[in-house]
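What the coordinates show
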Amino acid sequence: MSQRGRSLLASRADEYDFDPEAVAVADEDVLGLLEPAVQEWWVDQFGEFVPGNGGFFTPPQRGAIPLIHEEQNSLICAPTGSGKTLASFTAIINELFHRDRESPDGLDNSVYCLYVSPLKSLANDIHRNLTEPLDGIADIAAERGETIDIRHAIRHGDTSSADRQKMLDETPHILNTTPETLAILLNSPKFKEKLRTVEYVVVDEIHSLAENKRGTHLSVSLERLEDLAESSPTRIGCSATVEPLDTVAEYLVGCEDGDPRDYEIVDTRFVRDFDLELECPTDDLIRTPRSEVQSRFYDRLHELVAAHTNTLVFTNTRSGAERVLHNLREGFDDIDETNSGCHHGSLSKERRQEIESKLKAGELQVVTTSTSLELGIDMPHIDLVVQVGSPKSVASLLQRVGRAGHQLGQTVEGRVIALDRDELVECAVMLKKAEEGFVDRVFVPENTFDVAAQHVYGMAINEIRPESEIRETLRRAYPYRNFSDDDFEHLFRYLTADYDGLEDKNVYAKVWRDTNDPPDGEHHYPEYPVGEPLVGKRGRMARVIYMTNIGTIPDSFTCDVVTRGSNEWVGTLDEGYLDTLEKGDVFVLGGDNFAYRYRRGSKVYVDRTAQRPTVPSWFSERLPLSYDLGREISSFQAEITERLQSGGQPAVRVWLRDFPLDENSVRAITRMFDEQLRYAGPDSVSTPDRLVVEEELDRETYRRHFYVHCTFGRQFNDGLSRLLAYHAARRTNANVQVAVADNGFSLSMPLNRKIDLAGILRDLDPDTVVEDLRAALGGTDLLKRYFRINATRSLMILKRYKGYEKSAAQQQVSSEMLLSFAQGLDDFAVMEETYREILEDKLNLAAIEDAVSAIAAGEMEVVDQQVSTPTPRAFGLATLMASDVVLAEDESAALRAFHDRVLDEIGEDDVELDVS
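Criteria and cut-off values
Starting afresh in each chain, residues are numbered from 1 along the sequence in its written order. Only residues with pLDDT of 70 or above have their local features reported here, since the model is predicted, and side-chain atom pairs are shown and tallied only from 80 upward, although totals for entire chains, interfaces and linings are computed over all residues. Heavy atoms throughout the structure, all of them, feed into the side-chain values; hydrogens and water do not. By definition, any uninterrupted DSSP run of H or I lasting at least four residues is a helix, any uninterrupted run of E lasting at least two residues is a strand, and each is numbered from the N terminus. The buried label goes to any residue with under 20% of its type's maximum accessible area, the exposed label to any with over 50%, and the partly exposed label to all in between, with areas taken from a 1.4 Å probe on protein chains only. The criterion used for residue contact is that any of the two residues' heavy atoms lie within 4.5 Å. Note that accessible areas follow from Shrake-Rupley with a 1.4 Å probe, and for residues the cover is restricted to the protein chains shown. For two strands to be treated as a pair, DSSP must find at least two bridges joining them. A crossover counts as right-handed when, viewed with the strands pointing away from the observer, the path leading from the first strand over the helix to the second turns clockwise. All axes here are fitted lines through C-alpha atoms, helices being fitted over the stretch that makes contact, and every angle between N-to-C directions spans 0 to 180 degrees. Points on a 1 Å grid, built from protein atoms alone, make a cavity when a 1.4 Å probe fits but cannot get out and make a pocket when they are open with protein on both sides within 12 Å along at least 5 of 7 lines; residues with an atom within 4 Å of a point are the lining residues. Grid points are joined across faces, edges and corners, and a volume is the space filled by probe spheres set on the points. Put simply, Ala, Val, Leu, Ile, Met, Phe, Trp, Tyr, Cys and Pro go in the nonpolar bin, Asp, Glu, Lys and Arg in the charged bin, and everything else, Gly too, in the polar bin. By definition, disulfides here are pairs of cysteine sulfur atoms that lie within 2.5 Å. One fewer than the residue count of a helix, multiplied by 1.5 Å, yields its expected span. Definition of a polar contact: a pair of N or O atoms within 3.5 Å, with one able to donate and the other able to accept a hydrogen when the atoms are protein atoms, and with sequence-neighbouring residues admitted only if both atoms are side-chain atoms. Only residues whose relative accessible area exceeds 30% and that take part in no salt bridge are eligible for patches, with like-charged residues grouped when within 9 Å of each other and nonpolar side chains (Val, Leu, Ile, Met, Phe, Trp, Tyr) grouped when within 5 Å. When a carboxyl oxygen of Asp or Glu lies within 4 Å of a side-chain nitrogen of Lys or Arg, that pair is called a salt bridge. Charge counting follows a simple rule: Lys and Arg are positive, Asp and Glu are negative, and His as well as the terminal groups are ignored. To locate a charge, take atom NZ for lysine, CZ for arginine, CG for aspartate or CD for glutamate.

Overview of the overall build of the protein chain
What the protein chain contains, in helices and strands, is 34 helices and 30 strands. C-alpha atoms of the protein chain, sized along the principal axes, occupy 90 × 80 × 55 Å. Buried residues in the protein chain amount to 60% of all 916 residues. Across the protein chain, the fraction of contacts at a sequence separation of at least 24, relative to all contacts at a separation of at least 6, is 74%. Of the roughly 35300 Å² of accessible surface on the protein chain, a fraction of 44% belongs to carbon and sulfur atoms.

Some words on the sheet that holds strand 18 (residues 533-537)
The antiparallel open sheet is built from three strands, whose spatial order is 16-18-17. Of all the strands in the sheet, just strand 16 (465-466) and strand 17 (511-515) have a single pairing partner and so form its edges. Two elements, strand 17 and strand 18, share five bridges in a ladder whose sense is antiparallel. Residue pairing in the sheet places Asp-514 in a bridge with Leu-534 of strand 18.

With respect to the pairing of strand 14 (residues 384-388)
Burial analysis of strand 14 places five of its five residues in the buried class, the great majority of the element. The side-chain alternation of strand 14 yields two buried faces, one formed by Leu-384, Val-386 and Val-388 and the other by Val-385 and Gln-387. Examined bridge by bridge, strand 11 (residues 311-314) and strand 14 share four bridges and lie parallel to one another. When the bridges of strand 14 are listed, Leu-312 appears paired with Val-385.

Quick look at the pairing of strand 12 (residues 340-343)
Burial along strand 12 is two-sided: the residues Ser-340 and Cys-342 and Gly-341 and His-343 are all buried. Here four bridges tie strand 12 to strand 13 (residues 366-369), and the two strands are oriented parallel to one another. Opposite Cys-342, over in strand 13, you have Thr-368 as the bridge partner. What joins strand 12 to strand 13 is helix 16 (residues 349-361), and the crossover it makes is right-handed.

Regarding the sheet that holds strand 10 (residues 274-279)
Across the sheet, which stays open at both edges, the six strands sit in the order 10-15-14-11-13-12 with parallel pairing between neighbours. The open sheet has two edge strands with one neighbour each: strand 10 and strand 12. Strand-to-strand twist across the sheet, computed as the mean angle between neighbouring axes with direction ignored, equals 15°. In this structure, strand 10 lies alongside strand 15 (residues 412-417), joined through six bridges in parallel fashion. Bridge assignment links Glu-279 to a residue of strand 15, and that residue is Ile-417. Docked against the sheet, helix 14 (residues 290-306) engages strand 10, strand 11, strand 13, strand 14 and strand 15, running at close to 165° with respect to strand 14. On the sheet, helix 17 (residues 394-401) packs against strand 10, strand 11, strand 14 and strand 15 and is oriented at approximately 125° with respect to strand 15.

Some words on empty space enclosed by the protein
In this approach the atoms are scanned with a rolling probe the size of a water molecule, which exposes any empty space left behind. Tallied over the entire structure, the rule returns six cavities of 30 Å³ or more. Quantified by volume, the second largest cavity comes out at close to 70 Å³. Contributing to the lining of the second largest cavity are Asn-549, Gly-551, Thr-552, Ile-553, Pro-554, Asp-555, Arg-788, Ile-789, Thr-792, Arg-793, Lys-799 and Gln-811. With four residues, helix 29 (residues 781-793) is the single largest residue contributor to the lining of the second largest cavity. Per-class residue counts for the lining of the second largest cavity are three nonpolar, five polar and four charged.

A few points about the state of the cysteines
In total, this model carries zero disulfides according to the counting rule given. Cysteine Cys-280 remains unbridged, with the sulfur of Cys-427 as its closest cysteine sulfur at 9.9 Å.

Describing helix 18 (residues 421-435)
Between its terminal C-alpha atoms helix 18 stretches 22 Å, which fits the 21 Å expected from 15 residues at 1.5 Å a residue. Among the 15 residues that make up helix 18, 14 are buried, leaving the element largely enclosed by the rest of the structure. By the N-cap criterion, in which a side-chain oxygen at the helix start approaches the backbone nitrogen of a residue two or three places on, helix 18 is capped by Asp-420, the distance to Asp-422 being 2.9 Å. Positioned one or two residues after helix 18, Gly-437 has a phi angle of 85°, which is positive.

Things to note about the environment of Gln-611
As for its placement among the helices and strands, Gln-611 is situated in the loop between strand 23 (603-608) and helix 24 (627-656). With near-sequence residues (within four places) excluded, Gln-611 lies in contact with Val-586 and Asn-593.

Overview of the side chain of Ser-219
You can see Ser-219 is positioned in helix 12 (residues 213-228). Accessibility expressed as a relative area gives 3% for Ser-219, which makes it buried. If we ignore the near neighbours within four places in the chain, the residues touching Ser-219 are Tyr-251, Ala-477 and Pro-479.

Structural notes on a negative patch on the surface
Judged by side-chain charge, Asp-14, Glu-15, Asp-17 and Glu-48 come together as a negatively charged surface patch. By secondary structure assignment, the location of Glu-15 is in the loop between helix 1 (2-11) and helix 2 (28-31). Judged by its relative accessible area of 56%, Glu-15 is exposed.

Concerning the side chain of Glu-279
Relative to the helices and strands, Glu-279 resides in strand 10. Among the polar contacts made by the side chain of Glu-279, one reaches the side chain of Arg-300 at a distance of 2.7 Å. In contact with Glu-279, other than residues within four places in its own chain, are Arg-300, Arg-415, Val-416, Ile-417, Ala-418, Asp-662 and Ser-665.

Digging into the pattern of salt bridges
Considering all chains together, one arrives at 70 salt bridges under this definition. A salt bridge links Lys-358 to Glu-354, with the nearest nitrogen and oxygen atoms 3.3 Å apart. Residue Lys-358 and its partner Glu-354 are both found in helix 16; the two are separated by four residues, about one turn of the helix. The residue Arg-704 makes a salt bridge to Glu-695 at a minimum N-O spacing of 2.6 Å. Owing to a relative accessible area of 7%, Arg-704 belongs among the buried residues under this scheme. Through salt bridges with shared partners, one network takes in Lys-213, Asp-450, Arg-793, Glu-833, Arg-836, Glu-837, Glu-840 and Asp-841.

Here's the deal with helix 13 (residues 245-253)
Along helix 13, the positions that sit buried rather than exposed are Leu-245, Val-248, Ala-249, Tyr-251, Leu-252 and Val-253. Positive phi shows up at Gly-254, right after helix 13, with a value of about 70°.

Some thoughts on the environment of Glu-292
Among the structural elements, Glu-292 can be located in helix 14. Spatially, the C-alpha atom of Glu-292 lies 9.1 Å from that of Thr-282, the residues being 10 residues apart in sequence.

Okay, here's the thing in structure tokens:
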């Protein structure tokens, strides 16, 4: 082997700028696992990178190929561009090539490998990682007089019926698909037979699946495939930087007899070199005029673009991506329609594909995007990523910045530019933690009733089977490993419509559940013992209903906004935005202010108002700060407070200069915390063991404002704010307005309603948090929306039936008619799942319960302060109501006013005179 590897390198010596005989090679044994034609293709493609990789393979490839060769379940975790997907395909191609060559009849006309990706747009990735290797290896084999016939194809929801039929006649040996299509294939009478030979399953981008219900759905599909296949398929997961690895690996492999199946982890998350830095256009984001901040930002962005070949700019909203591109084109003559573009989910498929193909070819100097280019296409020419504002998690930062330097050995260059004081702190901590190898955890949804309902229905449609088999299959999937007998009873009560009045609401039984009759009984199945509990489908249309309605991605819609009384149409709102609105909240639409009153179906009823907005228009678009990063920010705040107390500003600046920050960022962060401590003292800063409630009496607007400082992530803040608002409203009989941010939240009520909010927080009972939060959700649009989503996922409401398609707005109308009925049923699975999803997945119930328990045990203190004007760390909370784009100048003016008051209080005109 060793000689063959060397000779392959030597035969191409004139192509390299190194001596093949002298270079160190650490992995000739891995190359030796490959068939000769595969070896030759590999050296042809990657021989030039041998010195940089220390061998023929990158670290993830070096670890993965032997494991796949040994048919061991494996999670391959490595940065974007390090070759993990190619490693999976190469090892599998090699095994299939060997089998095709050794067998007289070649490979069977069936599927041997399933490649599952969350993305429909697989073509670019498949071309690079599968088509090119297959074609290249086939050409080399042909020169040797050998023939390779390994077929592959893509199958997803847009695949034509003609192509689907062709796959039955001439079946791909490697089938590339999505989680939703795999579930359909498992219930396809003909094609599921083609899956019995599957020996490998590759789950790509597994980090983006494990944390949501698409991944939950896939995990059960993999167990159903386990039941169907002739042998247990080898499972390979490919992931970008993710944590915790064991959890993601156990999610991938599932359970057997209650324990995780065996697996190996290839952990090469930190094999790339990163050049990251946080920049800020000024060291004073309050007093520097907004126009000046913007001008400096665009000058710097243009400077970065001009110094690089291809730059990818991430923003936190789609509108932000459009705005940045527009301003670059308007402000700089060398950037125009020919060398720049924008890419996000609201653009047409054709426009996105055009941008993708130009990116791949290196024809665009700069592209702006929101989240749509985090995954998927190969962008080999990108040499810089600029992130505008905070991406809200270290994992997201690494995923985005990892799009640069898309070859191992290249340094990943990323610049984060902060234009907001709160995000400046957030990004500083994020970049430091990224340098230290910290990654936010993935949280896997567990025991979801809606996904379970789909799969139990699908299993019953395929064949009558013992109930014990269904239970076993479901519990083998990692998210259902703790699905209890009571959970199954609730699930089957729903699926059999075992509730009085349910069928009167046109919600019919989907399965029957009974014991096997004696031989003379109406329902006797001789293959099962008499008395064996069995489950089967109900209804002649069951298969059609299932195949046309399954999946977990919810439909969404826009709501018409009309004024009460006059019924005047004033515009539209995305329904996701309504999750943030409570009665009385004020928002901006079309330049006017409106007070939200209520929603009926797809109509939102409002009143015109002169009041200031309480919820900004961009709120629903932005990603939430992760819980783990929030905890790290809390620890940072504790440390910077201690350093300021012991060494003052100079000591803090010295410390911060060890962070990947520019000097403006160092000085701006130092100044903000110094002002905070001088104005309100060290106890005004929230830390891992301290929450702060500051109260301001705003006599001008006759409002009492509470600013609650806690940086445990926006989901935590969303949940805790609802809990406190619920108790405050009950005690004051007042409408409590809530505004939620990443570093805390604000509650506001009329000035004549006096309440001890810190006392309420201290008195919260850990044992009643769930009950209270459920009560707080009653009647909210959040509850209505998620009930509709879960009713649709549970097939309680059908999106498609007998050729009729029900829009998301129509689904909402149907769900609102069912909601009150469902709330009156005991342990109704769809209702329970709605509460579970909101509380656990959206509001971070577990973290709230931990915090409330810590407060009750005296392990976390609650500090309350009354202030005449908001403290510097509360400026963002206090101006949240004014942070709509329309009110940008108002926000700047408010910030300057707050700042002036703080400076007056601490007796300084210019806080920072020390230039050290």
